[in-house]
Amino acid sequence: MNWLQHTLLSSYYTATLPLRRRAAADRAAHGMEPVSILFYHRVADCHPNEWTMPTAAFANQITWLKQRFDIVSLENAQQLIASRRNCQPTICITFDDGYAENMEFALPLLLDEKIPFAYFVSTNHIFGNRPFPHDLAAGQPLAPNSLSQLRELADAGVEIGAHNRNHIHLGVASYNELEDEIAGSKDDLEQALECEIRYFAFPYGQLSDLSTAAFQIAYQAGYHGVCSASGGYNFPGGDPFYLQRIHADCELVRLKNWLTLDPRKLRQPIEFHPGDFRHEVAPPVLLDATILSSR
């Protein structure tokens, strides 16, 4: 974000803050505070790029979030959404891809602060020590996490999730490819970590990457929830299986603008309707079956 963009967004945020505060008070009174889910990729001070956040910016964001939000796990987020009532500003923290540098600062910070988070990884890049395609395209073959690091995180209680096998766009994949990437990555991680893998995050995660077939495969595979990355709020009474996430930009003012519910975004909701993907499939056990099957 350049200086002019930062100035304009700061001015807009400040000008609309009274409206935001009144709206937040009204949502709290009616139990309609959404659960916002952030996703990060890589936190490091070397090889900067658009999917890397400096350590100082990450620390500042965590401090701001702790002061203003209940920071909950994905499981707790689903329970709040399914309960149809939430009165507190609530946030979840997630990571995508699986970068080795996250073990140097970001993840130890969250663990030391006892902040829950979910960590989504692409299995063939982890197990094969293969850089991600977007890093290769940028000429920066950054190191992925190792399997031993994932085991360390799982042992510390971190929610490890699947991000498919090869970090490909799933919107153009065949049904067999969807099964291999979505269900296969779950199998890979469960065998390697010897624990249940409950959540899946779509690589890239825009609306064009989502499909009813992908949701059905994830549901049949036994995932408890799937995450997109197209930007959106999860309101009480929404679908607890489909979790919309917001990209955590480096600029704190942009994060503030998103998480205090930008009025423009509320007027233009980002939605995806996956259809009846639960038909004749037993629901996962995380949430009450009547809640899941009725959505």
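Look above for the structure.
Everything numeric in this text was worked out from a predicted model, so none of it was measured. Every chain's residues receive numbers from 1 upward, in the order its sequence appears when written. Restriction of local features to residues with pLDDT of at least 70 applies here, the model being predicted, together with a cutoff of 80 or more for giving and counting side-chain atom pairs; totals for whole chains, interfaces and linings are based on all residues. Hydrogens and water molecules were not included; the side-chain quantities draw on all heavy atoms of the structure.

1. Details of the overall build of the chain
Now for step 1: Under the DSSP-based scheme used, a helix requires at least four consecutive residues in state H or I and a strand at least two consecutive residues in state E, with every element numbered from the N terminus. A tally of regular secondary structure across the chain gives 12 helices and 11 strands.
Now for step 2: Taken over C-alpha atoms, the radius of gyration comes to 19 Å for the chain, in line with the 19 Å a tight globule of 295 residues would show.
Now for step 3: Principal-axis analysis of the C-alpha atoms gives the chain an extent of 50 × 50 × 35 Å.
Now for step 4: Contacts were defined at the residue level, with two residues in contact if any of their heavy atoms lie within 4.5 Å. When contacts within the chain are restricted to residue pairs at least 6 apart in sequence, long-range pairs at least 24 apart make up 73% of them.
Now for step 5: Carbon together with sulfur atoms contributes 52% to the accessible area of the chain, which is approximately 13000 Å² in total.
Now for step 6: His is not counted, nor are the chain ends, whereas Lys and Arg count as positive and Asp and Glu as negative. To locate a charge, the coordinates of NZ of Lys, CZ of Arg, CG of Asp or CD of Glu are taken. Placing the 23 positive and 34 negative side-chain charges of the chain at their respective mean positions leaves the two points 11 Å apart. In this treatment the radius of gyration is a C-alpha quantity, and the globule benchmark scales as 2.2 Å times the residue count to the 0.38 power. Computed with the Shrake-Rupley method and a 1.4 Å probe, the accessible areas treat only the protein chains shown as cover for residues.

2. A short note on the state of the cysteines
Now for step 1: Here, a disulfide means two cysteine sulfur atoms that sit within 2.5 Å of each other. Tallying each qualifying case throughout the model produces 0 disulfides.
Now for step 2: Sulfur of Cys 92: no disulfide; nearest cysteine sulfur belongs to Cys 227 and is 8.5 Å away.
Now for step 3: Note on exposure labels: buried denotes an accessible area under 20% of the residue type's maximum, exposed denotes more than 50%, and partly exposed covers the range between, all computed with a 1.4 Å probe on protein chains only. For Cys 92, a relative accessible area of 1% gives the class buried.
Now for step 4: Taking the relative accessible area as the measure of exposure, Cys 227 reaches 0% and is therefore buried.

3. Quick word on a nonpolar patch on the surface
Now for step 1: Patches were defined on residues exceeding 30% relative accessible area and lacking a salt bridge, with like-charge contacts within 9 Å and nonpolar side-chain contacts (Val, Leu, Ile, Met, Phe, Trp, Tyr) within 5 Å. Any carboxyl oxygen of Asp or Glu that lies within 4 Å of a side-chain nitrogen of Lys or Arg is treated as forming a salt bridge with it. Nonpolar side chains collect at one region of the surface, where Trp 3, Leu 4 and Leu 8 lie side by side and expose about 400 Å² of accessible area between them.
Now for step 2: Residue position: Trp 3 is located in helix α1 (residues 3–29).
Now for step 3: Classification of Trp 3 as exposed rests on a relative accessible area of 68%.

4. With respect to the side chain of Thr 90
Now for step 1: Inspection of the secondary structure puts Thr 90 in strand β5 (residues 90–95).
Now for step 2: Throughout this description, a polar contact denotes any pair of N or O atoms lying within 3.5 Å of each other; where both atoms belong to protein, one of them has to be capable of donating a hydrogen while the other can accept it, and for residues adjacent in sequence the pair is counted only when both atoms sit in side chains. A polar contact of 3.2 Å, which involves the side chain of Thr 90, links it to the side chain of Asn 86.
Now for step 3: Here Gln 88 takes part through its backbone oxygen, which lies 2.7 Å from a polar atom of the side chain of Thr 90.
Now for step 4: Discounting residues that sit within four places of it in the chain, Thr 90 has contacts with Pro 34, Val 35, Ser 36, Phe 69, Asp 70, Val 72 and Leu 80.

5. What about helix α8 (residues 175–193)?
Now for step 1: For a helix, the expected span equals 1.5 Å multiplied by the number of residues minus one. A rise of 1.5 Å per residue sets the reference length of α8, with its 19 residues, at 27 Å; its end C-alpha atoms lie 27 Å apart and thus fit the reference within 8%.
Now for step 2: What is called the bend at a residue is the angle between a pair of axes, fitted to the seven residues leading up to and ending at it and to the seven starting from it. In α8, a bend of some 35 degrees at Gly 184 exceeds every other bend along the element.
Now for step 3: Residues of α8 that are buried: Leu 178, Glu 181, Ile 182, Ala 183, Gly 184, Ser 185, Lys 186, Asp 188, Leu 189, Ala 192 and Leu 193.
Now for step 4: Those residues of α8 hidden inside the fold are in contact with β6 (118–121), α5 (123–127), α7 (147–155), β7 (159–162), β8 (199–201) and α9 (212–221).
Now for step 5: After α8 finishes, the residue Glu 194 shows a positive phi value of roughly 55 degrees.

6. A word on the nonpolar core
Now for step 1: Counting 56 residues, the largest nonpolar core has Leu 65, Ile 93, Phe 95, Tyr 119 and Ile 160 as its most contacted members.
Now for step 2: Excluding residues that lie within four positions of it along the chain, Tyr 119 makes contacts with Phe 95, Gly 98, Tyr 99, Asn 102, Leu 107, Asn 145, Leu 150, Leu 153, Val 158, Glu 159, Ile 160 and Gly 161.
Now for step 3: Each nonpolar core is a collection of buried residues, namely Ala, Val, Leu, Ile, Met, Phe, Trp, Tyr and Cys, held together in the definition by side-chain atoms within 4.5 Å. By size, the runner-up hydrophobic cluster in this structure holds 13 residues, among which are Ile 37, Val 72, Cys 92 and Phe 120.

7. Looking at the environment of Ala 192
Now for step 1: Turning to its location among the elements, Ala 192 is positioned in helix α8.
Now for step 2: Ala 192 gets classed as buried once you look at its relative accessible area, which sits at 16%.
Now for step 3: Residues Ala 192 and Phe 127 lie 65 residues apart in sequence; the distance between their C-alpha atoms is 9.3 Å.
Now for step 4: Discounting chain neighbours no more than four positions away, the residues touching Ala 192 are Phe 127, Leu 147 and Arg 151.

8. A few points about the pairing of strand β1 (residues 35–40)
Now for step 1: Counting buried residues along β1, 6 of its 6 residues qualify, which places the element largely inside the surrounding structure.
Now for step 2: Because side chains alternate across β1, one face comprises the buried residues Val 35, Ile 37 and Phe 39, and the other comprises Ser 36, Leu 38 and Tyr 40, equally buried.
Now for step 3: In this scheme, strands are said to pair when DSSP sees at least two bridges between them. Where β1 meets β5, 6 bridges bridge the pair, whose relative direction is parallel. Looking at the pairing, Val 35 lines up with Thr 90 of β5.

9. Quick word on unusual backbone geometry
Now for step 1: Look at Lys 114: it is not a glycine, yet its phi comes out positive at around 60 degrees.
Now for step 2: Relative to the elements of secondary structure, Lys 114 occurs in the loop between α4 (106–112) and β6.
Now for step 3: Located in the positive-phi region is Asn 129, a residue other than glycine, with phi close to 50 degrees.
Now for step 4: As for its placement among the helices and strands, Asn 129 is situated in the loop between α5 and α6 (133–137).

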